[in-house]
Number of protein chains: 2
Amino acid sequence: MTYNTAKGTRDFLPLQTSRRTFIFETIKKVFNLHGFQNIETPAIENLATLNGKYGQEGDKLLFRILNSGNFLENIDLSQQNSSKELANKICDKGLRYDLTVPFARFVVNHFNDINLPFKRYQIQPVWRADRPQKGRYREFMQCDCDIIGSNSIVNEAELIEIIEEVFSALNLQVTIKVNNRKILAALAILIGKEDCLTDITIAIDKIEKIGLEKVLDELRTKDFTPSQIDTLKPFLVIEGSNEEKLSQLKDIFRDIEIGLKGIEEIEQMKDLISQEIEIDLTLARGLNYYTGMIFEVKSKEIAIGSLLGGGRYDNLTGIFGHAGISGVGISFGADRIYDCLDQLGRFDPKMEKSSDILFINFGFPYVKTCLQYAKRLRAENISCEVFPHEKQISVQTSYAAKKGISFVAYVGEDEIKSGNLTIKTMASGEQGKYSFEQLKTLLKQTNSQTNKTYELNNNCKD
Amino acid sequence: MTYNTAKGTRDFLPLQTSRRTFIFETIKKVFNLHGFQNIETPAIENLATLNGKYGQEGDKLLFRILNSGNFLENIDLSQQNSSKELANKICDKGLRYDLTVPFARFVVNHFNDINLPFKRYQIQPVWRADRPQKGRYREFMQCDCDIIGSNSIVNEAELIEIIEEVFSALNLQVTIKVNNRKILAALAILIGKEDCLTDITIAIDKIEKIGLEKVLDELRTKDFTPSQIDTLKPFLVIEGSNEEKLSQLKDIFRDIEIGLKGIEEIEQMKDLISQEIEIDLTLARGLNYYTGMIFEVKSKEIAIGSLLGGGRYDNLTGIFGHAGISGVGISFGADRIYDCLDQLGRFDPKMEKSSDILFINFGFPYVKTCLQYAKRLRAENISCEVFPHEKQISVQTSYAAKKGISFVAYVGEDEIKSGNLTIKTMASGEQGKYSFEQLKTLLKQTNSQTNKTYELNNNCKD
């Protein structure tokens, strides 16, 4: 019998974990520089909180947790006829599906403890019972920041800046795509199907994946008349620069107020930012709760799904009984960012954390002296380890080599007598005698050089 | 309808999250200084991996995840007669119950990718369907470090050092209790019930909670004869200094090899460490997989459950088909450490992360200049924010005050003309004119002072 990770989930080895930490810390640093504060919500939520918030598709993808104990008590199994019905009776809890809905619940629950406008970030895993495939996992990390309690476009401008700062720190070339749900709403009005905004949004969302013609076919099956589709089509093929797009839109929506409002928001935001953005009128972002600006980030360098999504929602907390709080947020797809950096070979090769020095173990009583030296070095913020058992020196140095440790120390009879340690530099094989103070200096210098190299690599753009 | 967090789970507000992060980072730093490497395993594991690893009690506390889709397919509901039976048919996956069993699976799955002795740490949440009560949650964090592939007592000595370094950095006074499972095994031999080591261990484990007499009563119900209990009792009441305890033990176990081996291990470990430890012969640690030294940490300052547990296990990976790898590890109970620091008032009051400065929003076009200043400050690692919408100044400064922001900046007509900003120090109410360079210097100085204060508080012992 073999014991593997559950389908769609992954173990992370030390190197992968260091790389992931680098991504999270980079994002976190930018969030902090913008005054966002970190919160956390539980992995487990009551299903009452999650059900119905992600559309029918989303409901199917929720992981449900079986009630504990005698969960069949009071249930007449002969009365059940579907899995769905039974699931609702034997499961009260589910796993977090995204960070936005739990955040909305959080805001309603803690409304008296937060200070509006509230800028929060949250970096936690989410779970979806999706069919696993390349680059899509059942357990993956989301890195969200949201500002709620302010409907000013300044917030959108700030998010664009955050997007630029994060991807620039990660050394990834990206396109920031924007659109506005008000423009899509105006489109629904224009073709006389105001009530079908969701159908239009879902259809448009698929243009990139399945192409314009197939999307139009799909709309035909959904009761859209040929004349409605004729009205829709020119909108979907608008091309040109951002300015050209906006000017064509102004013409199309000249009599539709909500459309003009959407255009105005894009223009105001553009005026506040220095970053390059691309207005993409086919950008829709599936989730229904968006009501204003929407965002998406794509890699300029490799073909991979979106690296970020987000937008403004005017009434997310309404579903939990607290209406009228406008918010806007973005969510970085850390797993896809990882895949992107990995494919492009952009991770610093020295990213795996290791020790600075290994003390070779010559058995008792020498190991005791090694432990004391190690303790003194750690007090100086130098990472070090003592090989735990006596083995051939070659085995011990090979351990150091595999783990990327730069120096090994020999402490035997001579060294204890003289008070000097024998230090071998792993890269060159050179050996020398060092007093403890000299060793400290050597290790600190090496450390600060490594950090410098790391920062250089980290800040240098292609 | 109200929407709360699920029973036994918690939201964390910014202040709580900062405090938790401080605990995790402190522990992480010590792990890194000792050359431990970070790994992660998924929250969801196949139940085949989890079932039967935590005893009957543990099995009951596993959270099971309902299979997705039509989970009743191929199940004849009329044939089911218990919740337990049905659960096994409709759930293949469960939530991680601890970090040790997933680590054992990890080691077996990635045996070719790791370098023995392997020193890993893991800081992740675990879930148990326990009855929630004060200080006991259904979702809580474990911070584990383990060394596998070495049976040397040097590893135990290193763990003791880690324990001391972490609690000292957290500014908590603790007692490190140790015992050895080999001594408990010898005890089982001594009373002629070698096969009842588990019963003895479980009973002894309860002495602290229910007292010696009740434990003896429990053993009587489990087929222990009066003479066996008479043999056991003197062992349980051994008192005195560590040396006195060891000397009495040597006498009791003079003919029982495994007992003498346990005593020897304690003595060897004591010889390698400088930390004060307490040999506690009633310490048993419930989990069956321990085979050698066991550890527990209690607060010296307040009455609260153990802050850490751990021990040596000689065959943990055996359950996953890879026998013969010895390991030893400890697990910090971060949630209890939090409660401890909180009750003792030991958290630094300045721990909540916030911005260094807030730009007051006077509307367009001034806000655009504010955004540009903010961007330049962030490039200097200064955290700042621009109030997102125009409101009375009093509302905006009150936001700054509530969020603990030290300075606010006014950028209006005059400031744009002169190129100087008006800066208000929130604490004193003083206002002054600053060039951008002067502002930068002011904020950097304030920042480095805050960091210094923080480090001082952090390093100072009571």
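Given the structure is predicted, the values throughout are model-derived calculations rather than measurements. (Residues numbered from 1 in each chain as written. Chains lettered and ligands numbered in written order. Predicted model: local features only at pLDDT ≥ 70, side-chain atom pairs only at ≥ 80, totals over all residues. Heavy atoms only, no water.)

We now examine the interface of chain B and chain A. Every contact between the two is made by 103 residues of chain B and, on the other side, 103 residues of chain A. When chain B packs against chain A, close to 8,700 Å² is buried across both sides, 58% of that on carbon and sulfur atoms. In this structure, the connection of chain B to chain A is made through 14 salt bridges. For the salt bridge of Glu385(B) with Lys119(A), the shortest nitrogen-to-oxygen distance reads 3.4 Å. Here chain B is connected to chain A by 52 residue pairs in polar contact (both at pLDDT 80 or more). Looking at the side of chain B that touches chain A, the element that brings in the most residues is helix α1 (residues 14-33) of chain B, giving eight residues. Across the side of chain B that touches chain A, the residue classes break down as 43 nonpolar, 33 polar and 27 charged. (Contact = heavy atoms within 4.5 Å. Buried area = accessible area lost by both parts, 1.4 Å probe. Salt bridge = Lys/Arg side-chain N within 4 Å of Asp/Glu carboxyl O. Polar contact = N/O pair within 3.5 Å; in protein donor to acceptor, adjacent residues only side chain to side chain. Helix = DSSP H or I, 4+ residues; strand = E, 2+ residues; numbered from the N terminus. Nonpolar A, V, L, I, M, F, W, Y, C, P; charged D, E, K, R; others polar.)

Let's shift gears to the pattern of salt bridges. With the rule as written, the count across this model stands at 68 salt bridges over all chains. Note that Asp11(B) and Arg105(A) form a salt bridge whose closest N and O atoms lie 2.8 Å from each other. Within this pair, whereas Asp11(B) is found in the segment before α1, its partner Arg105(A) is found in helix α5 (residues 100-109), the two belonging to separate chains. Owing to a relative accessible area of 0%, Arg105(A) belongs among the buried residues under this scheme. (Buried < 20%, exposed > 50% of the residue type's maximum accessible area, 1.4 Å probe, protein only.)

Turning next to the domain arrangement of chain A. Taken as a whole, chain A is organised into domain 1 (14-62 + 97-343) and domain 2 (355-461). Taken over C-alpha atoms, the centre of domain 1 of chain A sits 49 Å from the centre of domain 2 of chain A. (Domains from an automatic or database assignment.)

Residues and elements named next belong to chain A. Taken together, the eight strands give an open sheet; going across it, the order is β1-β5-β6-β11-β10-β9-β7-β8, and neighbouring strands pair in mixed fashion. With partners counted over all chains shown, the strands left at the sheet margins are β1 (37-38) and β8 (278-279), one partner each. Where strand β5 (residues 118-127) lies against strand β6 (residues 139-148), ten bridges are found, and the strand directions are antiparallel. Residue pairing across strands places Tyr-121 opposite Cys-145, the latter belonging to β6. Contacts between helix α14 (residues 334-343) and the sheet are confined to β6, β9 (293-299) and β11 (327-333), with β11 contributing the most and set at about 40° to the helix. (Pairing = 2+ DSSP bridges. Axes fitted to C-alpha atoms, helices over the stretch in contact; angles between N-to-C directions.)

Going through the model one piece at a time under the given rule, you end up with three cavities of 30 Å³ or more. Reported here for the largest cavity is a volume of approximately 980 Å³. Lining the largest cavity are 47 residues, with Ile123(A), Met141(A), Glu40(B), Ile123(B) and Met141(B) sitting closest to its centre. Residue composition of the lining of the largest cavity, grouped by class: 19 nonpolar, twelve polar and 16 charged. Quantified by volume, the second largest cavity comes out at close to 40 Å³. Together, Phe103(B), Ala104(B), Val107(B), Ile148(B), Tyr313(B), Leu316(B), Thr317(B) and Ile325(B) line the second largest cavity. No other element matches helix α5 (residues 100-109) of chain B, which puts three residues into the lining of the second largest cavity. Among the residues making up the lining of the second largest cavity, the classes are represented as seven nonpolar, one polar and no charged. (1 Å grid on protein atoms, 1.4 Å probe; cavity = no way out; pocket = protein on both sides within 12 Å on 5 of 7 lines; lining within 4 Å. Points joined across faces, edges and corners; volume = space filled by probe spheres on them.)

All names here are of chain A. Remark: helix α7 (residues 181-190) packs on helix α11 (residues 226-236), axes separated minimally by 10 Å, with the N-to-C direction vectors making an angle of 150°. Classified by the angle between their axes, α7 and α11 sit roughly antiparallel to one another. Two secondary-structure elements touch here, α7 through Ile-183, Leu-184, Leu-187 and Leu-190 and α11 through Thr-231, Leu-232 and Phe-235. Looking at side-chain class alone, the contact of α7 with α11 contains six nonpolar, one polar and no charged residues. (Parallel < 35°, antiparallel > 145°, perpendicular 65-115°, else oblique.)

As enumerated under the stated definition, the model contains zero disulfides over all chains in all. Residue Cys91(A) stays outside any disulfide, its sulfur separated by 7.1 Å from that of Cys91(B), the closest cysteine. Of the cysteine sulfurs around Cys145(B), a residue in no disulfide, the closest is that of Cys143(B), at 10.0 Å. (Disulfide = S-S within 2.5 Å.)

Looking now at the packing of aromatic side chains. Within the structure shown, the criterion is met by 32 aromatic pairs over all chains. Measuring from centroid to centroid gives 6.1 Å for Tyr289(A) and Tyr313(A), while their planes differ by 85°, and the two rings are edge-to-face. With a gap of 24 residues between them, Tyr289(A) in the loop between β8 and β9 and Tyr313(A) in strand β10 (residues 308-313) connect regions that are remote in the sequence. Residue Tyr289(A) shares its accessibility class with Tyr313(A), and that shared class is buried. Judged by centre distance (5.1 Å) and plane angle (50°), the rings of Tyr338(A) and Phe347(A) are tilted. In terms of burial, Tyr338(A) and Phe347(A) fall into one category: buried. Sitting above the plane of the Tyr137(A) ring, Arg10(A) keeps its charged end 3.3 Å from the centroid. One residue, Arg20(B), lies across the ring of Phe12(B), its end atom 3.7 Å from the ring centre. (Phe/Tyr/Trp six-rings, centres within 6.5 Å; stacked < 30°, edge-to-face > 60°. Lys NZ or Arg CZ within 6 Å of the ring centre and 35° of its normal.)

The omega torsion of the bond from Phe364(A) to Pro365(A) falls at -5°, within 30 degrees of zero and hence cis. With respect to the helices and strands, the residue Pro365(A) is situated in the loop between β12 (357-359) and α15 (366-378). A cis geometry characterises the amide bond from Leu116(B) onward to Pro117(B), with omega recorded as -10°. Mapping Pro117(B) onto the fold places it in the loop between α5 and β5 (118-127).

What follows concerns the relation of the copies chain B and chain A. Its rotation angle being 180°, the transformation that places chain B on chain A also includes 0.0 Å of axial translation and leaves an RMSD of 0.0 Å. A rotation of that kind, with that shift, is consistent with a two-fold axis. Residue Ile65(B) of chain B places its C-alpha closer to the rotation axis than any other residue of that unit, at 2.2 Å. Taken together, the interface assignments show that 100% of the residues at the interface of chain B recur at the interface of chain A, consistent with an identical surface on both copies. (Least-squares fit on C-alpha atoms with pLDDT ≥ 70 in both.)

The subject of this paragraph is the side chain of Ser83(B). Relative to the assigned elements, Ser83(B) resides in helix α4 (residues 83-90). Contact partners of Ser83(B), with chain neighbours within four places excluded, come to Gly69(A), Asn70(A), Phe71(A) and Leu72(A).

On to the sheet that holds strand β6 (residues 139-148) of chain B. Residues and elements named next belong to chain B. Strands sit in the order β1-β5-β6-β11-β10-β9-β7-β8 across an open sheet of eight strands; the sheet is mixed. One side of each edge strand has no neighbouring strand; the edge strands of this open sheet are β1 (37-38) and β8 (278-279). Set on the sheet, helix α14 (residues 334-343) makes contact with β6, β9 (293-299) and β11 (327-333); between it and β11 the angle comes to about 40°.

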